[in-house]
Amino acid sequence: MPDKNKLGVGLFLFSEAWFFVTLLIAYAYFHSLPANGPSAGNSLNVLHTLIFSICLFASSATIHMAARSFERGERTGVTGWLSVTVALGAIFLFGQAREYIGLFAHGVTISTNLFGSTFFTLTGFHGLHVFGGLIALSTLLGVTMDGQLGEVKPSGFESIAIYWHFVDAVWVVIFAVVYLWPLVA
Amino acid sequence: MKDAAIPGPTAIESFEQEAHEGWLAWVSSVDHKQLGIMYLLGAFVFFLVGGVLALLMRIQLAVPNNHFLTPQMYNQIFTMHGTTMIFLVVVPLLVGMATYMVPLMIGARDMAFPRLNALSFWVQIFGGIMLYFSFATSGINGGAPAVGWFAYAPLTETAYSYGPGVNYWILGLLGIGVGTLTAGINLMTTILTMRAPGMHIRRLPLFVWMTLVTGFLIVTVMPILNAGLVMLLADRLLNAHFFRADTGGSAVLWQHVFWAFGHPEVYIMVLPAFGIISEVIPVFSGKPIYGYEVVAASTLAIAFLSMLVWAHHMFAVGLGHTFDIFFALCSMAIAVPTGIKIFNWTATMYQGRVRFTTAMLYAVSFLLMFTIGGLSGIAFAVAPIDWQLTDSYFVVAHFHYVLFGGTALALFAGVYYWFPKMSGRMLDERWGKVQFWLTFIGFNLTFMIQHVLGMFGMPRRVFTYPPLPGWEAMNMISTIGAFVLALAVLVLMINIVISLRSGEIAGDNPWSAWTLEWATTSPPPPENFTRVPPVNGRRPLWDLAHPDRTDEMLARAAG
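No experiment lies behind these values; they were computed from the predicted model shown. (Residues numbered from 1 in each chain as written. Chains lettered and ligands numbered in written order. Predicted model: local features only at pLDDT ≥ 70, side-chain atom pairs only at ≥ 80, totals over all residues.)

Chemist: I'm lost on the overall build of chain A in this one. Help?
Modeler: Looking only at helices and strands, one finds six helices and zero strands in chain A. Sequence-ordered secondary structure for chain A, helices as α and strands as β, is α-α-α-α-α-α. C-alpha extents for chain A along the principal axes are approximately 60 × 35 × 25 Å. When the 185 residues of chain A are sorted by exposure, 39% land in the buried category. By sequence separation, contacts in chain A at least 24 residues apart represent 84% of the contacts at least 6 residues apart. (Helix = DSSP H or I, 4+ residues; strand = E, 2+ residues; numbered from the N terminus. Buried ≥ 20, exposed ≤ 12 C-beta atoms within 10 Å, placed from the backbone. Contact = placed C-beta atoms within 7 Å.)

Written as structure tokens, this is what we have:
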């Protein structure tokens, strides 16, 4: 029978996917309508966000490396790759905060217009998920730095890794829909 | 034959119950049986509250031009009645029954995640308390939400609902939603990873099967509601624009989001009821279920189709012909797998040795009443009929036949069937039959006439009406029926109190049933089983009692 921790996290992420799909549909629907004022095309800096996005995408590879080190029982590998993952996640959040502050400075907020409402709700909830993932990763890092790898259940480690990959994958979709769509259109 | 080991949580995960006594033992419990009972009791309390709200409405509507309630109060009351009955009564009752029964029926020690189980329950309860707290908000715009249970925009926006009632509604539902979602994850994981050896997926009791599919629906659609709720909350508290047509938002988007959740939710509320019926009817017919595979497979078909029918709630919006036709066809198609089940249950009773216990009476009346609700549902799938009858009392009659005539009657069957297992004592059959007939008569008196009332043009959600021909008498009949129903609930409470004190001792298996929950003591010990019986078929206790005529042998003999 399947591992209960991994299955539980899998089902949780399945439901999270529907949550983001609903927010994405709202974004896409309003984006497809003609509108005045701030929009993805005239307010977002694709290049800046791409740089920070690459950090998040790279962190999927580093958590994978951490998981491989964990399987082999190499403690330094685990703590090293986990630290890099946490750092990359934190850099992404820093980038998001920087982007938000820039938008606020130009008067673009959640109440400005539909772009603001949908953009901040969608990316804000994604940011919250990254933040939650950072807490889980930091906890994992603390435990592995402090003691033996045997104290961490393999399925627990893998569950957190699956969650992190999911957060990453959601950003791939959001980046494509929010940042790349205006370039194509 | 060899006895099987019990899969269960490791020592770290199971908690030390001895540490607490009395109330604290319940509040701190992570045991699925205690949590199951708490779910049922909590939902029953909300059932009484929701029932009182219904009686207030029926008193107001008993005579034309009545001023028992103000229009504002009436709007709050029907909103709270609907929200309560769906989110705080029906779903928690079904989740509670599954929480208690699923681990027992699959031969497990507890749920997959016992602590998450406690979290689900408490978050759900606090969500309910949060919702009711809205009554305590005062001022000219205070009070409970007055927007109906599906809370259409833009009525829910601050321009039209200035008070905090809708905020409480959103936050309460988010709590309830998270609780239900985590319960769904937990039930699914339990069923997929904690089964006793030999309990293949094709041998699961049908109640467990239905719970598995319900869990899947919960995990899929609850997040859609949650997403809708956070968007609405952003509109109300952060001045966002999602559903505000005046600033470019879309009120119809809310309808899509809500019903994309809302219609599968209907099946979340009815599939476990199908499961209860699929346990009760075979046991009291003395025959295994007719067409086990078909019952399970048609459930999957229902779950799939249920996600493609939501816009039949929106025919009156004017979405266009293609759209209407697609959703009309899907809505008619979903009646097919549902209808098949009715035949499965009827065929199970056919030529069986039927024992008309109270549980069985409820199960049989479920078949009749649910079929009526299903037929009026098919009528609604025809868009022009929907245009004619939408927002009339015909709708009210239809969904009460599905949710009361369907789910509630099945739940009563489940209560009479499983009460002996949960308490160790039988529920009294004489009181039970009194309750059954009062329920059956009261229910039909209340809601049958509402079909006619709807066809005569009475709209739902109006606080009063002029003395039009026929309306007066029909409303009075409906109100009388509601009070008969209330009496029936009173009888159930009397029966439970009396039976808990002096009911007949049940023993392990009072109904000669076949599923694993009847293999242990009543009530079961904290660890559920000392030994799980071997599972070689769908009816392990039958096989145990008839080693010369096991299901396997019978199947082989039948070819």
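What follows continues from the structure just given.
Chemist: I tried to follow the overall build of chain B on my own but got confused; where do I start?
Modeler: Along chain B, the regular secondary structure elements total 17 helices and zero strands. In terms of overall size, chain B behaves like a compact globule, its C-alpha atoms giving a radius of gyration of 24 Å where 559 residues would be expected to give roughly 24 Å. Its C-alpha atoms put chain B at 70 × 50 × 50 Å along the principal axes. Counting only residues that meet the buried cut, chain B has 55% of its 559 residues in that class. Sequence separation of at least 24 residues holds for 81% of the intrachain contacts in chain B that already meet a minimum separation of 6. (Rg over C-alpha atoms; globule rule 2.2 N^0.38 Å.)

Chemist: I would appreciate a short explanation of the environment of B:Phe356 in the present structure.
Modeler: Structurally, the position occupied by B:Phe356 is in the loop between α10 (335-349) and α11 (358-381). Counting along the chain gives 71 residues from B:Phe356 to B:Ser285, while the straight-line C-alpha distance between them is 8.9 Å.

Chemist: I'm lost on the interface of chain B and chain A in this one. Help?
Modeler: The parts lose accessible area when they come together, and the size of an interface is often stated as this lost area. Each partner contributes to the interface: chain B provides 29 residues, whereas chain A provides 23 residues. When residues of the side of chain B that touches chain A are traced back to their parent elements, those giving at least two are α5 (165-193), α6 (206-238) and α7 (251-285) of chain B. Examining the composition of the side of chain B that touches chain A, we find that 12 residues originate from one element, α6(B), more than from any other. Taken together, the residues of the side of chain B that touches chain A break down into 19 nonpolar, nine polar and one charged. (Nonpolar A, V, L, I, M, F, W, Y, C, P; charged D, E, K, R; others polar.)

Chemist: I keep staring at the nonpolar core and nothing clicks. Help me out?
Modeler: Soluble globular proteins tend to bury their nonpolar side chains together. In this structure, B:Ile106, B:Ile277, B:Val280, B:Tyr362, B:Ala363, B:Phe366 and B:Ala413 are the most contacted members of the largest nonpolar core, which totals 222 residues. Sequence-distant contacts of B:Ala363, that is, excluding residues within four places in its chain, are made with B:Ile277, B:Val280, B:Ile281 and B:Ala413. (Core = buried A, V, L, I, M, F, W, Y, C linked by C-beta atoms within 7 Å.)

Chemist: Looking at this structure, I do not really get the packing of helix α1 (residues 4-31) of chain A against helix α5 (residues 114-146) of chain A. What am I missing?
Modeler: When two helices pack together, you describe them by how their axes are tilted relative to each other and by the distance separating the axes. All names here are of chain A. Relative to each other, α1 and α5 sit at 155°, their axes nearing to 9 Å. Between α1 and α5, the angle falls in the class roughly antiparallel. In this structure, α1 crosses over α5, and the sense of that crossing is left-handed. Counting all contacts with α1, which are made through Leu23, Leu24, Ala26, Tyr27 and Phe30, the residues of α5 involved are Leu114, Thr118, Thr121, Leu122 and Phe125. In terms of residue class, the contact of α1 with α5 is built from eight nonpolar, two polar and no charged. (Axes fitted to C-alpha atoms, helices over the stretch in contact; angles between N-to-C directions. Parallel < 35°, antiparallel > 145°, perpendicular 65-115°, else oblique. Left-handed = near helix turned anticlockwise from the far one by under 90°.)

Chemist: Please clarify how helix α6 (residues 154-184) of chain A should be interpreted in this entry.
Modeler: Two residues of an α-helix separated by three or four positions point the same way, owing to the 3.6 residues in each turn. Between the first and last C-alpha of α6(A) there are 43 Å, a value that for 31 residues agrees with the 45 Å anticipated at 1.5 Å per step. The sharpest bend along α6(A) measures roughly 30° and falls at A:Val177. (Expected span 1.5 Å × (residues − 1). Bend = angle between axes of the 7 residues up to and from the residue.)

Chemist: Where do I start with the packing of α7(B) against α11(B) in this structure?
Modeler: Residues and elements named next belong to chain B. Between α7 and α11, whose axes approach to 9 Å, the crossing angle comes to 120°. Relative to α11, the element α7 lies oblique. Our pair here, α7 against α11, has a crossing hand that is left-handed. Contact with α7, carried on its side by Ile277, Val280, Ile281 and Phe284, involves Ala359, Met360, Ala363 and Phe366 of α11 and no other residues of that element. Residue composition of the contact of α7 with α11, grouped by class: eight nonpolar, no polar and no charged.

Chemist: Would you mind going over the environment of B:Leu229 with me for this structure?
Modeler: All names here are of chain B. Mapped onto the secondary structure, Leu229 falls in helix α6. Note: C-alpha distance between Leu229 and Ile170 (59 residues apart in sequence) is 5.9 Å. Beyond its immediate stretch of four places on either side in the chain, Leu229 contacts Ile170, Leu173 and Leu174.

Chemist: It is not clear to me how the confidence of the model for chain B should be interpreted in this structure. Could you clarify?
Modeler: Regions with low pLDDT carry predicted coordinates that are not meant to be interpreted in detail. All names here are of chain B. For chain B, per-residue confidence averages 94 on the pLDDT scale, and residues scoring 70 or more make up 96% of the total. Within chain B, the element-level pLDDT minimum falls on helix α17 (residues 551-558), averaging 86, and the maximum on helix α2 (residues 32-61), averaging 98. Across residues 1-5, confidence stays below pLDDT 50; counting only partners more than four residues off in sequence or on other chains, it has 10 contacts. Segment residues 7-17 is flagged for pLDDT under 50; beyond a separation of four residues in sequence, or across chains, it makes 17 contacts in the model. We note a pTM of 0.94 for the whole complex and an ipTM of 0.96 for its interfaces. (pLDDT = per-residue confidence, 0-100.)

Chemist: In this structure, what is going on with α10(B)? I would like to understand it.
Modeler: Residues and elements named next belong to chain B. Taking 1.5 Å per residue, 15 residues should reach 21 Å; α10 reaches 22 Å between its end C-alpha atoms and fits that length. When we look at burial in α10, the residues that qualify are Thr338, Lys341, Asn344, Trp345, Thr348 and Met349. Down the axis of α10, the buried side of the element spans an arc of 135°, and every buried residue falls inside it. Packed against the buried residues of α10 are α7, α8 (292-306) and α11. Residue Gln351 follows α10 closely and has a positive phi angle near 60°. (Arc of directions from axis to C-beta.)

Chemist: Would you mind going over unusual backbone geometry with me for this structure?
Modeler: What is expected of a backbone is that most residues other than glycine have negative phi and most peptide bonds are trans. Residues and elements named next belong to chain B. The omega torsion of the bond from Ala153 to Pro154 falls at 0°, within 30 degrees of zero and hence cis. Relative to the helices and strands, Pro154 resides in the loop between α4 (114-133) and α5. Here the residue pair Ser522 and Pro523 is connected by a cis peptide bond, since its omega of -10° sits within 30 degrees of zero. Looking at where Pro523 falls in the secondary structure, it is placed in the loop between α15 (471-502) and α16 (540-545). One non-glycine residue, Gln351, lies in positive phi territory at about 60°. Mapped onto the elements, Gln351 comes out in the loop between α10 and α11.

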